[in-house]
Amino acid sequence: MKFGRLERRETPKPMGEINMTPLIDVMLVLLVIFIIAAPLMGSALKLELPKSDAASPAPGASFIALAITPEGEYLLGEDKLDAKALRERLAQLSQRQPDAELRLSADQSVPYGKVAQLIGWAQKAGLNRIAFVAEAGETDETGKTGEKSDGSAPDRGAATPPKR
């Protein structure tokens, strides 16, 4: 028997570069998630709108979005404004867009007097086309959503055609 030395292989060298493929895959997935989630996070205004079977607003018309939160804050588009600043902005918008429609969104818990006051400010500024934003469906006398007169369930979020 012959004893000899076993061959020694060279140990593998440490990898000197990073595999970028998994990193790029993760980044692309995160990018897609943020692209989808960003518009949803932009409209974080939570209002409990009244329900109505009234006509839906005309598509394509230029409009100004105005909302009153349950706490009584005024939101013109996405901007929170106090009463004085709101009146000034309404006057400016009326001069720039005299035929624009004011779409008013008010929570059910906002007192009627506050809504009427806001309508007065808009008319004083020169905005005479005012639309009230509501969810589709009927409500009973207590304000809860009920069945329609034909016994079917109310439409949830569906646009109702204008009644003439």
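Note: the structure precedes this text.
Residues numbered from 1 in each chain as written. Predicted model: local features only at pLDDT ≥ 70, side-chain atom pairs only at ≥ 80, totals over all residues. Heavy atoms only, no water.

1. Thoughts on the nonpolar core
Soluble globular proteins tend to bury their nonpolar side chains together.
So, step 1. Counting 21 residues, the largest nonpolar core has Ile68, Leu76, Leu86, Leu90 and Leu118 as the members making the most contacts within it.
So, step 2. Broken down by secondary-structure element, the contributors of at least two residues to this core are strand S2 (63-68), strand S3 (74-76), helix H2 (83-96), strand S5 (101-106) and helix H3 (112-125).
So, step 3. With six residues, the single largest contributor to this core is H3.
So, step 4. If sequence neighbours within four positions are ignored, leucine 86 has contacts with Leu66, Tyr74, Leu76, Leu81, Leu118 and Trp121. (Core = buried A, V, L, I, M, F, W, Y, C linked by side-chain atoms within 4.5 Å. Buried < 20%, exposed > 50% of the residue type's maximum accessible area, 1.4 Å probe, protein only. Helix = DSSP H or I, 4+ residues; strand = E, 2+ residues; numbered from the N terminus. Contact = heavy atoms within 4.5 Å.)

2. Considering the environment of alanine 67
So, step 1. Mapping alanine 67 onto the fold places it in strand S2.
So, step 2. On a C-alpha basis, the gap between alanine 67 and glutamate 78 in space is 9.2 Å, while along the polypeptide they are eleven residues apart.

3. Quick word on the pairing of S5
So, step 1. For S5, the buried fraction is high: six of the six residues fall into the buried class.
So, step 2. A two-sided burial pattern is seen for S5, the buried positions comprising Glu101, Arg103 and Ser105 on one face and Leu102, Leu104 and Ala106 on the other.
So, step 3. Here S2 pairs with S5 via six bridges, running parallel. Bridging across to S5, alanine 67 finds its partner in serine 105.
So, step 4. Summarising the sheet, S5 and strand S6 (residues 130-132) pair through three bridges and their orientation is parallel. Residue leucine 104 lies in a different strand from S6, and its bridge partner there is phenylalanine 132.
So, step 5. In terms of handedness, the path from S5 via H3 over to S6 forms a crossover that is right-handed. (Pairing = 2+ DSSP bridges. Right-handed = clockwise from strand over helix to strand, strands pointing away.)

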